[in-house]
Each structure stands twice: as C-alpha cells, then as structure tokens.
Amino acid sequence: MRRYHGRVGLFQWMHRQIEDAAFNKKEVTPYPDYVKEMSKLGTIDLSAENHEHTRLYLESYEKGQPVPPPHYFRKVQVKDKLEDVIKSEDMDKFKSMLG
C-alpha cells in the first residue's frame, strides 16, 4: 500500500466500510469521523505539517460544508477543467484559497 500511494489509513477505512456495510449490516463511518478517531488513538498526527490538507478538510466538515482543500487538487492533478466540474462561486472561492 505504501509503495503505490502511501494512504494506508484511507485503505483501512475503505476496508472497514465494506466489512461494516456488506458483512456486519451496520451503518458506515464517514471518513472525517474515522480520521478524527484515528487522531484520538494517536494513529494519525493531525498537527504534522504533512496533514495540513487533512486539518483543512476536517475544519470544513465541522462547519457542515466539507470541501477538499487546494492541496487535494494539486496532489491528484485534476485532469478535468475545474470550471467544468464545480459551481462558479465554488471556483471563485477555490481560486482565492490558492492566493
């Protein structure tokens, strides 16, 4: 997992979702709640510099408006033109976040 994308926590969450939904017939845990849970357990250090994008996402989630931070779009190198994918007011907000 680390060799291909390094997102071990994301893989573990996806695995848990499948187990919970398909085998245990129970509600799945939203990803932000899972991340907060892992932070409380000390598995993820949200104060680390390399988790700034995660902190920003969690802040937007807590406000009830979850939005991927600019880091996300830079990292995955979005292939579609963002203007074609998101609303214009969201695009304006995104551009202002980039500086």
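Residues numbered from 1 in each chain as written. Predicted model: local features only at pLDDT ≥ 70, side-chain atom pairs only at ≥ 80, totals over all residues. Heavy atoms only, no water.

### Some remarks on the overall build of the chain
Summing up its helical and strand segments, the chain has six helices and zero strands in all. Sequence-ordered secondary structure for the chain, helices as α and strands as β, is α-α-α-α-α-α. Here the chain, with 99 residues, has 20% of them falling under the buried criterion. Looking at the chain alone, contacts between residues at least 24 apart form 21% of all its contacts between residues at least 6 apart. Of the roughly 7,800 Å² of accessible surface on the chain, 53% is carried by carbon and sulfur atoms. (Helix = DSSP H or I, 4+ residues; strand = E, 2+ residues; numbered from the N terminus. Buried < 20%, exposed > 50% of the residue type's maximum accessible area, 1.4 Å probe, protein only. Contact = heavy atoms within 4.5 Å. Areas by Shrake-Rupley, 256 points an atom, 1.4 Å probe, with all protein chains shown as cover.)

### Here we look at the confidence of the model for the chain
Residues at a pLDDT of 70 or more form 82% of the chain, whose mean pLDDT is 82. Model confidence for the chain, summarised as mean pLDDT per element, is weakest for helix H5 (residues 82–85) at 67 and strongest for helix H2 (residues 31–41) at 93. (pLDDT = per-residue confidence, 0-100.)

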